[in-house]
Amino acid sequence: EGKTVKVASIQMSVVEGDKTATLDKAVKNIQRCEGIDLVILPEIWNVGFMSFDRYVSEAEDRNGQTLTRLREAAQKIGVYLHTGSFVEKKNGNYYNSSYLISNDGDVLANYLKIHLFGYNSKETQILTSGDTVVVVETPVGRIGLATCYDLRFPELFRNMVERGAEIFLICSAWPYPRLEHWLMLNRVRALENQCFLMSSNSVGFNQGIQFVGHSMITDPWGTILAGAGDKEVIIKSEIDLADLEAARQQFPALADRKDWLKEAGT
């Protein structure tokens with residue numbers, strides 16, 4: 001029996017140098033998603049991924065304004081919300097941290113970005129890597145969480161599938177010129193794992209760097225159900241988890257994996 005889930009990805013830009021205004025914009029965008037079941041925001045959208053000089057000064061804990069306001073926004077319209085990520089301070093370290101919030105505003109899961117990005121980026125110098133794969137059971141499906149550069153590491157996504165993932169949620173701040181990589185990796189990660197995938201990428205400029213946008217909602221065949229360009233937009237679609245089971249039965253690639261190859265990689 002199919003269960004249709006209404007989903008939306010919020011693609012937005014940072015208001016340069018104004019965290020409160022950016023937060024206000026995010027909350028307004030969430031309010032525009034009333035009637036949707038599951039919503040996702042981009043990576044480090046509250047100050048902008050490239051604002052490395054503000055990571056430490058603007059870091060928050062889970063009681064900070066960013067998570068607090070997002071929890072209130074999710075509860076107000078009754079939506080499951082992937083908060084996108086923000087710099088979170090925990091035990092003296094700083095992390096690229098994202099949360100999954102329930103439609104009651106409760107914290108369901110916290111994912112700390114595992115693969116930090118060092119190419120033309122200071123993320124690896126400032127932040128600490130997470131070490132935990134996160135897949136969480138929710139009424140809208142079993143959700144696996146990932147962030148931006150993680151997309152380049154297929155073993156993470158295969159690991160999430162082993163844990164039962166049906167929907168990958170990926171917040172991102174993927175910049176030009178690597179648009180083609182972004183477009184391919186979104187589709188391939190969905191296709192090779194026979195999962196739905198929802199990404200929310202940043203757009204606009206931050207510290208002179210432009211993000212590629214092109215957020216998308218992709219089905220288990222790698223088909224794009226909804227996609228964006230590189231302007232601010234909310235993309236919406238409907239997914240049916242029965243389609244995922246049908247895909248996996250009709251074309252049983254996941255069932256044809258070889259355990260000995262899996263073990264060879266550990």
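Model, not experiment: these values are computed from the prediction. (Residues numbered from 1 in each chain as written. Predicted model: local features only at pLDDT ≥ 70, side-chain atom pairs only at ≥ 80, totals over all residues. Heavy atoms only, no water.)

(A) Expanded view of the packing of helix α4 (residues 154-162) against helix α5 (residues 179-193). Direction vectors running N to C along α4 and α5 enclose 40°, while the axes themselves pass 10 Å from each other. Taken together, α4 and α5 sit at an angle that is classed as oblique. The handedness of the crossing between α4 and α5 comes out as right-handed. Residues Pro154, Phe157, Arg158 and Val161 of α4 pack against Arg189, Glu192 and Asn193 of α5. For the contact of α4 with α5, a count of residues per class yields three nonpolar, one polar and three charged. (Axes fitted to C-alpha atoms, helices over the stretch in contact; angles between N-to-C directions. Helix = DSSP H or I, 4+ residues; strand = E, 2+ residues; numbered from the N terminus. Parallel < 35°, antiparallel > 145°, perpendicular 65-115°, else oblique. Left-handed = near helix turned anticlockwise from the far one by under 90°. Contact = heavy atoms within 4.5 Å. Nonpolar A, V, L, I, M, F, W, Y, C, P; charged D, E, K, R; others polar.)

(B) Inspection of the packing of helix α1 (residues 19-31) against helix α2 (residues 65-77) at higher detail. The N-to-C vectors of α1 and α2 enclose an angle of 15°; their axes lie 10 Å apart at closest approach. By the angle between their axes, α1 is roughly parallel relative to α2. When you trace α1 past α2, the crossing you get is right-handed. Of α2, the residues touching α1 (which contributes Lys19, Thr20, Leu23, Asp24, Val27, Ile30 and Gln31) are Gln65, Thr66, Arg69, Leu70, Ala73, Lys76 and Ile77.

(C) Just α4, in detail. What α4 keeps buried is the set Leu156, Phe157, Met160 and Val161. One face of α4 carries all of its buried residues, which in axial projection span an arc of 140°. Contacts made by the buried residues of α4 are with β5 (107-112), β6 (135-138), β7 (141-147), β8 (167-172), α5 and α6 (241-250). (Buried < 20%, exposed > 50% of the residue type's maximum accessible area, 1.4 Å probe, protein only. Arc of directions from axis to C-beta.)

(D) Just the side chain of His214, in detail. In this fold, His214 is placed in the loop between β11 (209-210) and β12 (216-218). In this structure the side chain of His214 is engaged in a polar contact, spanning 2.8 Å, whose partner is the backbone oxygen of Val212. In this structure, His214 is in contact with Gln11, Tyr176, Leu179, Trp182, Leu183, Ala228, Gly229 and Asp230, ignoring residues within four places of it in sequence. (Polar contact = N/O pair within 3.5 Å; in protein donor to acceptor, adjacent residues only side chain to side chain.)

(E) Fine view of the sheet that holds β6. Read from one edge to the other, the open sheet built from six strands follows the order β6-β7-β8-β9-β12-β13, with strand pairing classed as mixed. Each end of this open sheet is capped by a strand with a single partner; those strands are β6 and β13 (224-227). The sheet shows a mean angle of 20° between the axes of neighbouring strands, direction not considered. Relative to β8, β7 runs parallel, the two sharing five bridges. Each residue of the ladder has a partner; that of Ala146, found in β8, is Ile170. Along the sheet, α4 contacts β6, β7 and β8; its crossing angle with β7, the most-contacted strand, is approximately 160°. (Pairing = 2+ DSSP bridges.)

(F) Focus on the pairing of strand β3 (residues 80-90). For β3, the tally of buried residues reaches nine of 11 residues, placing the bulk of the element in the interior. Bridge count for β3 against strand β4 (residues 93-101) is eight bridges, and the pairing is antiparallel. Paired with Glu88 across the strands is Tyr95, a residue of β4. Remark: two residues form the turn of the hairpin made by β3 and β4, two consecutive strands paired antiparallel; Asn91 in that turn has positive phi of roughly 50°.

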